Amino acid sequence: MARPNTPAPPEKDDTVRPSRGKFRGMTTLWDISPAVHPGSPVFPGDTPLRQHWDATIGPDSAVNLSTLTFSPHIGAHADAPLHFDPQGAAIGTLALEPYLGLCRVIHAIDCGPLIEWAHLGAAVQGALPARVLVRTRRKAAVDHWDSRFSAFAPRTLEYLADLGVRLVGIDTPSVDPADSPDLPSHQVLRQRHLRVLENLVLDEVPAGDYELIALPLKLTTADASPVRAVLRAL
Ligand SMILES: [Zn+2]
């Protein structure tokens, strides 16, 4: 039974989670996902998150139950080949290995509109892990849309693929500039079978090597999926 009212927020104990912390017997985790809620920024024209309460706890319902509507490119997310290739695979059909394992975080803060190879500096000399995340911002734009963000130069992605990288990530909404008409970096992703994570939050993450865990949902028809992306200390 549809009810327009919003249920009471859960008890505080249910919601408080340190984004980064050390627990007894556990390694340090960095949560590199922005919060996702109706105010989360999306590309202009994309569907923001909307939540409709189908039922709320009361005389007529034993549960709170909602329906979510949103672009799968909201928050930290993985693009599927289907996003930029009509014949491309949907996100839920991809192998999971690229989204899980050894990863290098490289700082290229304030590098300008495009991440060129030189911005990656010494971090790409020698052996590279199969996953590379690039931090371009001091503070990720988690609460507003900002079209002036850094993207990858296509040749930077080519070089990373040449070195055996299988997944790239960035702390901005796209690997191409917001006004790019032909998305050349997305085309490199397609040609080189690279996987991608966008909208990461790397504000607190020192440059270095980590274990990445960022699994997409098994959405077998979707062009992207939100991920809960975390880094674990090695
Ligand atoms: Zn995307």
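A brief report on the enclosed structure follows.

Definitions and limits used
- Residues numbered from 1 in each chain as written.
- Predicted model: local features only at pLDDT ≥ 70, side-chain atom pairs only at ≥ 80, totals over all residues.
- Buried ≥ 20, exposed ≤ 12 C-beta atoms within 10 Å, placed from the backbone.
- Helix = DSSP H or I, 4+ residues; strand = E, 2+ residues; numbered from the N terminus.
- Arc of directions from axis to C-beta.
- Core = buried A, V, L, I, M, F, W, Y, C linked by C-beta atoms within 7 Å.
- Contact = placed C-beta atoms within 7 Å.

Brief notes about helix H3 (residues 154-162)
1) Next: Of the residues making up H3, those classed as buried are Thr156, Leu157 and Leu160. In a view along the axis of H3, the buried residues occupy a sector of 100°, so they form one face of it.

Digging into the nonpolar core
1) Next: Counting residues in hydrophobic clusters, the biggest one holds 43 residues, and the most contacted among them are Ile32, Phe152, Val168, Val196, Leu197 and Leu200.
2) Next: Those elements that place two or more of their residues in this core are strand E6 (100-107), strand E8 (131-135), strand E9 (151-152), H3, strand E10 (167-170), helix H4 (184-192), strand E11 (195-198) and strand E12 (208-213).
3) Next: Residues within four places of Phe152 in sequence aside, it is in contact with Leu114, Ile115, Leu157, Val168, Ile170, Val175 and Ser185.

Points about the environment of Ala123
1) Next: Note on placement: Ala123 falls in the loop between helix H2 (117-120) and E8.
2) Next: Under the C-beta neighbour-count criterion, Ala123 is labelled partly exposed, with 18 such atoms within 10 Å.
3) Next: Note: C-alpha distance between Ala123 and Arg104 (19 residues apart in sequence) is 8.3 Å.
4) Next: Among residues more than four places away in sequence, those in contact with Ala123 are Arg104, Ile106 and Ala207.

A few points about unusual backbone geometry
1) Next: A positive phi angle is found at Asp110, which is not glycine, with a value near 60°.
2) Next: Looking at where Asp110 falls in the secondary structure, it is placed in the loop between E6 and strand E7 (114-115).
3) Next: What makes Asp110 exposed here is the crowd of 10 C-beta atoms within 10 Å.
4) Next: We note that Asn199 has phi near 65°; this positive angle belongs to a residue other than glycine.
5) Next: Under the C-beta neighbour-count criterion, Asn199 is labelled buried, with 28 such atoms within 10 Å.

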